[in-house]
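Chain and residue survey
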Amino acid sequence: MGFDDHIAGWLLQVGPLASGGMSAAPVAWTEIQAWAAITGYRPTPWEADTLMILSRAYLAQVQDSNGERVPAPYAPIQENAAQVSQDLGKLLDALMAEQKKRR
């Protein structure tokens, strides 16, 4: 792992999201503190703050994802070039159709 790559690993250990009652929520300071106590890791204040920022960003991406044009951060990556090309073509067709409506 590189210099900051460990933080992404830590985020997955802590859990990128917490339960917020009716919906997902970013991890809380207490969850990071509990994770650190259990694992023995001692994140610096900058690392702990970065975990919080990453959790908030992950939650924002999950909330913005609609499954088609904006995939969820946990969705598998499409590696099939033909499928990617087809999906891109559909997206461009939809954008062009939207522009024609606005004229």
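Residues numbered from 1 in each chain as written. Predicted model: local features only at pLDDT ≥ 70, side-chain atom pairs only at ≥ 80, totals over all residues. Heavy atoms only, no water.

Regarding the environment of L17
Summarising the element assignment, L17 is placed in the loop between helix 1 (5–14) and strand 1 (18–19). Between the C-alpha atom of L17 and that of V62, which follows or precedes it by 45 residues, the distance is 9.9 Å. Apart from the residues lying within four places of it in its own chain, the contact partners of L17 are A24, A25, V27, S55, Y58, L59 and V62. (Helix = DSSP H or I, 4+ residues; strand = E, 2+ residues; numbered from the N terminus. Contact = heavy atoms within 4.5 Å.)

Side note on the packing of aromatic side chains
For the structure shown, the criterion picks out three aromatic pairs. A ring pair is formed by W10 and Y41, whose centres lie 5.3 Å apart and whose planes are at 40 degrees; its orientation type is tilted. In this pair, W10 sits in helix 1 while Y41 sits in the loop between helix 2 (29–39) and helix 3 (45–64), placing the two residues 31 residues apart along the sequence. Among the residues examined, Y41 registers a relative accessible area of 35% and is labelled partly exposed. Taking 5.4 Å as the distance between ring centres and 25 degrees as the angle between the ring planes, the aromatic pair formed by W35 and Y41 counts as stacked. Grouped by ring-pair contacts, the aromatic residues W10, W35 and Y41 constitute a single cluster. (Phe/Tyr/Trp six-rings, centres within 6.5 Å; stacked < 30°, edge-to-face > 60°. Buried < 20%, exposed > 50% of the residue type's maximum accessible area, 1.4 Å probe, protein only.)

Quick look at the side chain of S55
Examined against the element boundaries, S55 turns out to sit in helix 3. Judged by relative accessible area, which is 0%, S55 ranks as buried. Only 2.7 Å separates the side chain of S55 from the backbone oxygen of P16, close enough to count as a polar contact. What S55 contacts, discounting residues up to four positions off in sequence, is L11, P16, L17, P26 and V27. (Polar contact = N/O pair within 3.5 Å; in protein donor to acceptor, adjacent residues only side chain to side chain.)

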